[in-house]
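Residue-level structure breakdown
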Amino acid sequence: MKFSTLCVIGMGYIGLPYASVFASKGVRVTGMDTNTAIIEGLQAGKSHIVEPGLQELVVKVLASGHLTISTEVVSADAFIIAVPTPFDTDKRADLRAVIAASQSIVPHLRRGNLVILESTSPPRTTTDVVTPILEKSGLKAGEDFLLAYSPERVLPGRILQELVENPRVIGGIDRSSAEAGRDLYQIFVQGEIILTDATTAEMVKLMENTFRDINIAIANEFSRLADAFNVDIWEAISIANLHPRVQILRPGVGVGGHCIDVDPWFLVEAAPERAPLIRAARSVNDGQPAFLAENIARVVGGLEGKTIAFLGLAFKPNVDDVRESPAAELVRLLVSAGARVLAYEPLKPAANLQGIEQVEHLEDALSGAHLVVLGVAHEVFKALDPAELRLKTKAEWVYDAVNAWDKHAWEAAGFKFHGLARRN
Ligand code: SAJ
């Protein structure tokens, strides 16, 4: 099948990069979003997402006329739904955006069109939720139009590279839909394209992120055990990982973002009695900020009256995304334990996070601090020189929650150095 026009619904972390890459390959793309602030920014050539290479690409495809930004869905050969699927307070998938996006396609759906759902969704969403909505058009899925689920699997920070190079799974509601999906993504995907059915593709996506969540949970649990036995967890992991079939991930502040800490719940929700391990891993990872807050309090002899310079609010290193950030959760716990915390996030200097006092300059955080906590291993923080920091703060302690700093260098600069499960 040939595709010359495409409408991408949702101009977020996934939709915008995809729309831009398709446009750069000569497809006429309309990028649609309901958020007028995002649309106005994009129309003015400003990407609202910090991702290497994206701003330049957006400017280029807008200028070439291949990408048009709109608040309306338009007719096209293919539609991609790339809207958020968060969970609600009961940890159940909130599919309102997927439902609204599907409904918005109905008036524009024509015979021969292809619709792709990319948003991470609970098993059977494509067949049981999206299909009946699209069929309100009077057209029949599989007969009159094609429908597939194709999960995005790109890593924030490497999106433009991974969306081209990663293997791509396309789950059709029937074989022709999967094949049409392959024809669409072949426009730029260089990785292997694997065809399957829609529900398998939905489950594959959830299994990938759940697998990672459980692996991070065991790393976090090991860090707590190492702390109890006064073992340096980083040394222990590096030795264990010499085993040819062991690959322990990194313990840290916890798991955040909008994927790995959300997606496992979609499996729990679908069959709670069958997913005890997934639920347990979630609670270990969700509990990691509290473990660290207690650990930090112990190191400095209580937090009441202490001022902390806290470095990093993003959900992981080298991204500006602060959604569901475990570092932000740790800040809130330190505050509720009595500390004054001045948080510094160079990649998002004004994140406006509830309950968090953020400063724009590192110096403002450091000047009155008793303790410096490293919460996110951004490259800019790794590059800090302890001797230079010594001149900017009277802080007695340094606490590295993410194993990014060299203990000896900080001690040589006159700090008392502690970290997550570093031997005392
Ligand atoms: N983290 C650790 N220790 C580790 C690795 C990660 O504590 O060893 C933490 C991070 O700091 C962060 C969280 O886990 O808070 C998640 O970060 P991540 O880099 O593991 O993953 P995401 O959320 O940026 O992207 C994941 C990826 N999924 C997998 O690697 C299986 C990505 O490929 C998916 O496309 C993405 O979720 C998504 O959108 O679903």
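Only a predicted model underlies this, so the values are computations on that prediction, with no experimental measurement involved.

**With respect to the overall build of the protein**
- The secondary structure content of the protein amounts to 17 helices and 14 strands.
- In terms of overall dimensions, the protein is globule-like: its C-alpha atoms have a radius of gyration of 24 Å, near the 22 Å expected for 424 residues.
- Nonlocal contacts in the protein, meaning residues at least 24 apart in sequence, comprise 71% of its contacts between residues at least 6 apart.
- Total accessible area computed for the protein in this model is approximately 18,300 Å², and 54% of it derives from carbon and sulfur atoms.

**Structural notes on the pairing of strand 8 (residues 193–197)**
- When strand 7 (residues 168–172) meets strand 8, the two strands line up parallel, connected through five bridges. Following the sheet pairing, G172 is matched in strand 8 by D197.
- Taken together, strand 7, helix 7 (residues 175–185) and strand 8 constitute a β-α-β crossover, and its handedness is right-handed.

**Considering the sheet that holds strand 12 (residues 371–374)**
- With parallel pairing, the six strands of this open sheet are ordered in space as 11-10-9-12-13-14. The open sheet has two edge strands with one neighbour each: strand 11 (357–359) and strand 14 (416–419). Geometrically, the sheet is characterised by an average inter-axis angle of 25° between neighbouring strands, direction not taken into account.
- Bridge analysis of strand 10 (residues 340–344) against strand 11 gives three bridges, and the strand direction is parallel. Within strand 11, the residue paired with L342 across the bridge is E357.
- Sitting on the sheet, helix 13 (residues 326–336) is in contact with strand 9 (307–311) and strand 10, with an inclination near 180° to strand 9.

**Section: the site of the ligand**
- Around the ligand there are 20 residues in total, and R153, V154, K205, R212 and F315 lie nearest to it.
- Between the ligand and R212, the relevant distance is 2.5 Å, taken from an oxygen atom to a side-chain nitrogen or oxygen of the residue.
- Against a free-state accessible area of 770 Å², the protein chains account for coverage of 86% of the ligand.
- Here the shell around the ligand gets five residues from one element, more than from any other, and that element is helix 8 (residues 198–228).
- In terms of residue class, the shell around the ligand is built from nine nonpolar, three polar and eight charged.
- In this structure, the shell around the ligand is formed jointly by two domains, domain 1 (5–191) and domain 2 (197–424), each of which donates at least three residues.

**Considerations on the packing of helix 10 (residues 263–270) against helix 11 (residues 276–286)**
- For the pair helix 10 and helix 11, interaxial distance at closest approach is 9 Å and the crossing angle is 145°. Helix 11 is crossed by helix 10, and the crossing has left-handed handedness. Here P264, W265, L267 and V268 of helix 10 come into contact with helix 11, specifically with I278, R279 and R282.

**Concerning unusual backbone geometry**
- Even without a glycine there, the phi angle at R124 is positive, about 85°.
- Looking at where R124 falls in the secondary structure, it is placed in the loop between strand 5 (114–117) and helix 5 (125–134).
- Overall, R124 belongs to the partly exposed group, its relative accessible area being 42%.
- For N352, which is not glycine, the phi dihedral falls at a positive 55°.

**Comments concerning the side chain of N113**
- Along the chain, N113 falls in the loop between helix 4 (96–105) and strand 5.
- Apart from the residues lying within four places of it in its own chain, the contact partners of N113 are A76, D77, F79, H108, D144, F145 and L146.

**Observations regarding the packing of aromatic side chains**
- Summed over the entire model, instances satisfying the criterion amount to seven aromatic pairs.
- Between the aromatic rings of F22 and Y185, the centroid separation amounts to 6.0 Å while the plane-to-plane angle is 50°, which identifies the pairing as tilted. Here F22 is found in helix 1 (residues 15–24), whereas its partner Y185 is found in helix 7, with 163 residues between them in sequence. With respect to class, F22 is no different from Y185; both count as buried.
- A ring pair is formed by Y185 and F188, whose centres lie 6.5 Å apart and whose planes are at 75°; its orientation type is edge-to-face.

**Re the UniProt feature "domain: UDP-glucose/GDP-mannose dehydrogenase C-terminal" (unreviewed entry) in the protein**
- UniProt annotation of "domain: UDP-glucose/GDP-mannose dehydrogenase C-terminal" (unreviewed entry) refers to residues 309–407 when read in the numbering used here.
- As annotated, residues 309–407 comprises 28% helix and 19% strand, and the C-alpha atoms at either end are separated by 18 Å.

**Structural notes on helix 11**
- Those residues of helix 11 that fall on the buried side of the exposure criterion are I278, A281, R282, V284 and N285. Summarising the axial view, the buried residues of helix 11 lie within an arc of 160°, below the 170-degree limit, and thus occupy one face. For helix 11, exposure combined with an orientation more than 90 degrees from the buried face picks out P276 and S283.
- Contacts from the buried residues of helix 11 go to helix 8, helix 10 and helix 12 (288–299).

**Describing the pattern of salt bridges**
- Applying the stated criterion to the full structure yields 24 salt bridges.
- Here R423 ties to E235 by a salt bridge, and the two come within 3.4 Å at their closest N and O atoms. Placement of R423 in the segment after strand 14 and of E235 in helix 9 (residues 233–240) is noted, with a sequence separation of 188 residues between them.
- Because the salt bridges share partners, they merge into one network encompassing D213, R282 and D286.

**Regarding the environment of A100**
- Along the chain, A100 turns up in helix 4.
- Overall, the relative accessible area of 42% leaves A100 in the partly exposed class.
- Along the backbone, A100 and V130 are 30 residues apart, and their C-alpha atoms lie at a distance of 10.0 Å.

**A word on the sheet that holds strand 1 (residues 5–9)**
- Strands sit in the order 3-2-1-4-5-6-7-8 across an open sheet of eight strands; the sheet is mixed. Each end of this open sheet is capped by a strand with a single partner; those strands are strand 3 (67–70) and strand 8. In this sheet, adjacent strand axes meet at a mean angle of 25° when their direction is disregarded.

The rules behind these values
Residues numbered from 1 in each chain as written. Predicted model: local features only at pLDDT ≥ 70, side-chain atom pairs only at ≥ 80, totals over all residues. Heavy atoms only, no water. Helix = DSSP H or I, 4+ residues; strand = E, 2+ residues; numbered from the N terminus. Rg over C-alpha atoms; globule rule 2.2 N^0.38 Å. Contact = heavy atoms within 4.5 Å. Areas by Shrake-Rupley, 256 points an atom, 1.4 Å probe, with all protein chains shown as cover. Pairing = 2+ DSSP bridges. Right-handed = clockwise from strand over helix to strand, strands pointing away. Axes fitted to C-alpha atoms, helices over the stretch in contact; angles between N-to-C directions. Near = heavy atom within 4 Å. Polar contact = N/O pair within 3.5 Å; in protein donor to acceptor, adjacent residues only side chain to side chain. Nonpolar A, V, L, I, M, F, W, Y, C, P; charged D, E, K, R; others polar. Domains from an automatic or database assignment. Left-handed = near helix turned anticlockwise from the far one by under 90°. Buried < 20%, exposed > 50% of the residue type's maximum accessible area, 1.4 Å probe, protein only. Phe/Tyr/Trp six-rings, centres within 6.5 Å; stacked < 30°, edge-to-face > 60°. UniProt positions renumbered as here; feature names shortened; annotations may be inferred. Arc of directions from axis to C-beta. Salt bridge = Lys/Arg side-chain N within 4 Å of Asp/Glu carboxyl O.

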